[in-house]
Amino acid sequence: MLFDSHTHSYFSPDADKGAEIEAMAIKAQELGLSYITVTDHCDCCYWLPESEGEYDEYQKADSIMFGSRDYSKASIEKTLLLKQKHENLLCGTELGEPLQNIKAAEEILSIDGLDFVIGSLHMNSGKPDFYYLEYDNVDISVIRVLLGRYFTEVLDMCKWGGFDSLGHLTYPLRYIQGEYEITIDMRRYNDIIREIFCTLIEKGKALELNTSGFRQKYGKPFPEEKYLRLYRELGGELVTIGSDAHNIFDIGAGIRRGEELLKACGFKYITVYKGRKPENFKLDI
Ligand SMILES: [Zn+2]
Ligand SMILES: [Zn+2]
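Calculation rules
Residues numbered from 1 in each chain as written. Chains lettered and ligands numbered in written order. Predicted model: local features only at pLDDT ≥ 70, side-chain atom pairs only at ≥ 80, totals over all residues. Helix = DSSP H or I, 4+ residues; strand = E, 2+ residues; numbered from the N terminus. Rg over C-alpha atoms; globule rule 2.2 N^0.38 Å. Buried ≥ 20, exposed ≤ 12 C-beta atoms within 10 Å, placed from the backbone. Contact = placed C-beta atoms within 7 Å. Pairing = 2+ DSSP bridges. Arc of directions from axis to C-beta. Core = buried A, V, L, I, M, F, W, Y, C linked by C-beta atoms within 7 Å.

**Q** Help me get a handle on the overall build of the chain, residues and values and all.
**A** Across its full length, the chain carries nine helices and nine strands. Relative to the globule expectation of 19 Å for 285 residues, the C-alpha radius of gyration of the chain, 18 Å, shows essentially globular dimensions. Summarising its shape, the C-alpha atoms of the chain cover approximately 50 × 45 × 35 Å along the three principal directions. Of all 285 residues assigned to the chain, the portion counted as buried reaches 45%. Once local pairs closer than 6 in sequence are excluded, the contacts in the chain between residues at least 24 apart make up 77%.

Structure (structure tokens):
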């Protein structure tokens, strides 16, 4: 069985305008996916109009684009409506930076009918999204500190635990190693990544295998195999899988390959969340 538990519709400002939720459900059915979960962005840090003055120009631009809570809520409302018609459709949200605006996070989490919540971090507190950062002509020590800070904030988010699955753990590497081809010795983060996994396991939260990296310059999923194996070794069992599609064409991309990888790493199940409760499906590839 194949599942795509991380997809974006046109309600995500960075997604393709043609990505209509109903078309996504139909596409998933054509592809033979058992479930597709729509998880539009809800970047909580952009919900703070009162702190507008503290943002840099990128964040200001993004807060205009992403800041409207209407996008996140409209996506959920529309998906819940279409769920009545499409049995393969599930309603989620990608909750970004919840600890940077806990009130926004709580507001979204209080909506009835949510099936699934991904917890993600796209930017360190007070910094722009890793997508916007310049890595050329920057001392490697600055990048190391940024990454260290990133994993610390991810750990804090896991300790809070108001989500179901931890999204794309190694997100900054999409840009640092993928786009800028800067090699980072990741061993310095082994301890904190281990602590992140132990926290997820202790709290009964899942880890996401995000397959978008397969089709990007990075060439590996987020997180890559060695981290999947570590999570499994530590006792991790709950894994969700998602393409992070931002258009119709990427729905289901890399899912089969991802499920094969998970099986090779010793996982027995893929987890799908319904009504915020995990359901395990045997990996039968
Ligand atoms: Zn994300
Ligand atoms: Zn996403």
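**Q** So what's going on with unusual backbone geometry? Residues and values would help.
**A** In this chain, Phe222 is followed by Pro223 through a cis amide linkage whose omega measures -5°. With respect to the helices, strands and loops of the structure, Pro223 is situated in the loop between β6 (206-210) and α8 (225-233). Its identity is not glycine, yet Glu181 carries a phi of approximately 55°, on the positive side. Structurally, Glu181 is set in the loop between α6 (173-179) and α7 (190-203).

**Q** Break down the sheet that holds strand β7 (residues 239-242) for me, citing the residues and quoting the values.
**A** Within the open sheet, the seven strands sit side by side as β1-β2-β3-β4-β5-β6-β7. Their pairing is parallel. Each edge of the sheet is formed by a strand with only one pairing partner; in this case those strands are β1 (2-7) and β7. As paired strands, strand β2 (residues 33-43) and strand β3 (residues 89-96) are joined by eight bridges and run parallel to one another. Opposite Ile36, over in β3, you have Leu89 as the bridge partner.

**Q** Report on helix α4 (residues 102-109), specifying residues and quantitative values.
**A** Within the span of α4, buried status applies to Ala104, Ala105 and Ile108. The buried residues of α4 all sit within an arc of 100° when viewed along its axis, so they share a single face. Away from its buried face by more than 90 degrees, α4 exposes Ile102, Lys103 and Glu106.

**Q** Summarise the nonpolar core; cite the residues concerned and give the values.
**A** If you look at the biggest cluster of nonpolar residues, it comprises 70 residues, and the most contacted ones within it are Met24, Ile36, Cys44, Leu95, Val154, Ile196 and Val239. For this core, the leading source of residues is helix α5 (residues 140-160), giving six residues. In this view, Val154 contacts Leu121, Leu169 and Ile196; residues no more than four positions away in its chain are not counted.

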